[in-house]
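Given next are the chains, with one letter for each unit.
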Amino acid sequence: MGISIGERVKSLRDKCTGRWPVHFFRIMTLAAGAAILTAVPTAAAATAPSAQAAVAGQSVDDFYRSRNNYPLWLAPNAGDAAQQLLNLLSSANLDGLDSSRYRVAELQAAIEAAKRDKRKRVTGADRMLSEAFAAYVADLKQGPDAGITFVDAGLRPTRPTPLAALLTATVAPSLADYVRSMGWMHPIYAELREALANHSYSTDQQRDVIELNMRRARVLPPGKQRYVLVNAAQQRLYMYEDGKPVDSMVVVVGKPKWPTPMLAAYIRYAALNPYWYVPSDLAGEDVGQYVVKFGLKYLSDYGYEVVSDWNDPTIIDPKTINWKGVVDGSVKDIMIRQRPGPKNFMGRMKFMFPNDFGVYLHDNPRRELFKEASRYFSGGCVRLEDASRLGRWLFGRDLDWQSAGTEEMVPLPRPVPVYITYLTAMPDGGSIAYYDDVYGRDAARLAATSGEGTSSSASLGNR
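Model, not experiment: these values are computed from the prediction.

## Let's talk about the overall build of the chain
When helices and strands are counted, the chain shows 15 helices and 16 strands. The buried share of the chain, reckoned over its 463 residues, is 52%. Intrachain contacts of the chain at a sequence separation of at least 6 include 70% that bridge at least 24 residues. About 21000 Å² of surface is accessible on the chain, with carbon and sulfur atoms providing 51% of the total.

## Focus: unusual backbone geometry
Negative phi is the rule for most residues except glycine; trans is the rule for most peptide bonds. Located in the positive-phi region is Asn-69, a residue other than glycine, with phi close to 65 degrees. Among the secondary structure elements, Asn-69 is positioned in the loop between α3 (60-66) and α4 (81-90).

## Focus: the pattern of salt bridges
Going through the model one piece at a time under the given rule, you end up with 24 salt bridges. A cluster of three or more residues bridged by salt bridges with shared partners is formed by Asp-80, Asp-177 and Arg-180.

## Section: the sheet that holds strand β8 (residues 315-316)
Read from one edge of the open sheet, 4 strands run β6-β9-β7-β8, paired in antiparallel fashion. In this open sheet, the two edge strands, each paired with only one partner strand, are β6 (276-278) and β8. Pairing analysis gives 3 bridges linking strand β7 (residues 304-307) to strand β9 (residues 336-338), with the strands arranged antiparallel. Across the sheet, Glu-305 pairs through a bridge with Arg-337, a residue of β9. Packed onto the sheet, helix α11 (residues 283-294) meets β6, β7 and β9 and runs at close to 95 degrees relative to β6.

## A word on the nonpolar core
Counting 130 residues, the largest nonpolar core has Trp-73, Trp-184, Phe-351 and Leu-390 as its most contacted members. Excluding anything up to four places from it in sequence, Trp-184 contacts Leu-88, Phe-133, Tyr-136, Val-137, Leu-140, Lys-141, Tyr-178, Val-179 and Pro-222. Counting 5 residues, the second-largest nonpolar core is a separate cluster that includes Tyr-275, Tyr-277, Trp-310 and Met-335.

## Comments concerning the pairing of strand β3 (residues 236-241)
Summarising the sheet, strand β2 (residues 227-231) and β3 pair through 5 bridges and their orientation is antiparallel. Of the residues in β3, the one forming a bridge with Asn-231 is Arg-236. Taking the residues between adjacent antiparallel strands as the criterion, β2 and β3 are bridged by 4 residues, where Gln-235 takes a positive phi near 55 degrees. Direction of pairing for β3 relative to strand β4 (residues 244-254): antiparallel, over a ladder of 6 bridges. Bridge pairing in β4 places Leu-237 opposite Met-249. Here β3 folds back onto β4 in antiparallel fashion, the turn holding 2 residues, of which Asp-242 has a positive phi close to 55 degrees.

## A closer look at the confidence of the model for the chain
Fine structural detail should not be taken from predicted coordinates in areas where pLDDT scores are low. Model confidence for the chain is summarised by a mean pLDDT of 86, while 85% of its residues fall at 70 or above. Per-residue pLDDT stays below 50 along residues 452-459; that stretch engages in 19 contacts with residues further than four places along the chain or on separate chains.

## Quick notes on the side chain of Asn-213
Summarising the element assignment, Asn-213 is placed in helix α10 (residues 204-217). Sequence-distant contacts of Asn-213, defined by excluding residues within four places in its chain, comprise Leu-192, Tyr-422, Leu-423, Thr-424, Ala-425 and Asp-442.

## Points about the packing of aromatic side chains
Tallying each qualifying case throughout the model produces 19 aromatic pairs. Relative to Tyr-419, the ring of Tyr-227 has its centre 5.7 Å away and its plane inclined at 80 degrees; by these criteria the two rings are edge-to-face. Of the two residues, Tyr-227 sits in strand β2 while Tyr-419 sits in strand β14 (residues 408-421), which places them 192 residues apart along the sequence. What makes Tyr-227 buried here is its relative accessible area of 2%. Ring pairing ties together the aromatic residues Trp-276, Tyr-290, Phe-294, Tyr-298, Tyr-302, Tyr-304 and Phe-345, which thus form one cluster.

## Topic: the side chain of Glu-305
Checked against the element boundaries, Glu-305 lands in strand β7. For Glu-305, the side chain forms a polar contact with the side chain of Arg-339, separated by 3.0 Å. For Glu-305, the residues in contact, after removing those within four places along its chain, are Ile-315, Met-335, Ile-336, Arg-337 and Arg-339.

## Some details on α11
Between its terminal C-alpha atoms α11 stretches 15 Å, which fits the 16 Å expected from 12 residues at 1.5 Å a residue. Contact partners of the buried residues in α11: β6, α12 (297-302), β7, α13 (323-328) and β9. Taken from the residues just after α11, Gly-295 is the one with a positive phi, measuring 90 degrees.

## Structural notes on the environment of Arg-156
Note on placement: Arg-156 falls in the loop between β1 (149-150) and α7 (162-170). Put simply, Arg-156 and Val-219 are 63 residues apart on the chain and 7.3 Å apart in space, counted from C-alpha to C-alpha.

Reading guide: rules and limits
Just so you know, the residues in each chain are numbered from 1, in the order the chain's sequence is written. Residue-level local features of this predicted model are given only where pLDDT is at least 70; pairs of side-chain atoms are given and counted only at 80 or more, and the full residue set underlies all totals for whole chains, interfaces and linings. Only hydrogens and water are removed before side-chain values are computed, so all heavy atoms of the structure are retained for them. Put simply, DSSP marks the helices as runs of H or I at least four residues long and the strands as runs of E at least two long, and each gets a number from the N terminus on. Throughout this description, buried means an accessible area under 20% of the type-specific maximum (1.4 Å probe, protein chains only), exposed means over 50%, and partly exposed covers the range between. The contact definition used throughout considers only heavy atoms, calling two residues in contact when any of these lie within 4.5 Å. For accessible areas, the Shrake-Rupley method is used with a probe of radius 1.4 Å. Any residue's cover is judged against the shown protein chains and nothing else. By definition here, a salt bridge exists when the distance from a side-chain nitrogen of Lys or Arg to a carboxyl oxygen of Asp or Glu is within 4 Å. Any two strands are treated as partners once DSSP identifies two or more bridges connecting them. Under this scheme, a helix contributes an axis fitted over its contacting stretch, all axes are lines through C-alpha atoms, and angles between N-to-C directions fall in the 0 to 180 degree range. Here the nonpolar core consists of buried residues drawn from Ala, Val, Leu, Ile, Met, Phe, Trp, Tyr and Cys, with membership extended through side-chain atoms lying within 4.5 Å. On a scale of 0 to 100, pLDDT captures the predictor's confidence in every residue. Pairing of aromatic rings covers Phe, Tyr and the six-membered ring of Trp, with a centre-to-centre limit of 6.5 Å; geometry is then stacked below 30 degrees between planes, edge-to-face above 60, and tilted otherwise. Think of a polar contact as two N or O atoms within 3.5 Å of one another; within protein, one of them needs to be a possible hydrogen donor and the other a possible acceptor, and neighboring residues in sequence only count if both atoms come from side chains. Each residue after the first adds 1.5 Å to the expected span of a helix.

Below you can see the structure in the form of structure tokens.
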């Protein structure tokens, strides 16, 4: 059910529709149950570093006890995993961490001693490597603020216990490859880090932008779960499975004055044949100016209705509205909705992840915008090049909007995470692609870090 636009809810209203979604309160009850059923508890308990090893049954000692002290890093089949780990730990400054914390010189000495006297030294050296590895993985999971809002707390990265970190490494097909590729991090993070380590940048500014985007990539999920990733800076959406993108599409994102927010949430349901509830602060720009220009016929041609409220609306005669006042802002809080149909700005479906920003993923009839090189046209929501294709991937079947009713809700059997981020530096084959800092987020963050102004990444060789 909807609620009217008022001062009490303006800060929380749906940015694309101007009101809470029709099914908001009903879906929140459903979502609470779904969150309990679908949340997969990780061993990454959000405890302080000093408390990690103290968690009962979750320490490095517990790991070795479970395998009768058989080595992990210095085992015959470990390859060069130990050296790969030392390479990462010695360059932890690239991650914004203090490499001295991991005592790399002591680890190297312990490895050399184990080579000379395996029987007495291997167990101790292997444990030292595991302690350092577990600390490094935990430290990476508690990075600096990346500017993203975790709508669903379960998506926030948490520090794994030593046992969890080590067990995950143990089941990797190749321990050396797992460490080399930083398999506990998102591939984008690992590739940006590699570019930084190899000095794959032309200017100090490019280096700074890579470091900044590493912070943003640090919160993205590793592993083989299914999720949606939207990069607003690239204006592209990716569908991830088994640790890699399996499909992608271009998207339209928010205008610079209405930037698409960075957030992580669960997509919980689709709404078929939705109304578009025009935000009151956009009524003049999106509807009013065209009524003034083309007359009241514009409203009927595009299926717009002026209504009394969102709950149980009465249709208001548009002749009674001062449309010039709507355009100049003197007429406030006007409620306009657009009926479902081929011209509806929501298209045939939208994918909902209830959030205080009031944004979501949705279809759109203005197909010409998806052919533009720069696609910053929305009020903050993400418009989809092919909403039906995303729906098919999410639900495993076609969503039948033709047979659906108005704003018909289709719950996802298992909610799928969506991460909306802002990566102005992205791996692209063997190089790094840079994208315009249209929202000014890089400039603001880099200025805050350096204490002085920084120009936009638009000058970095953007795509």
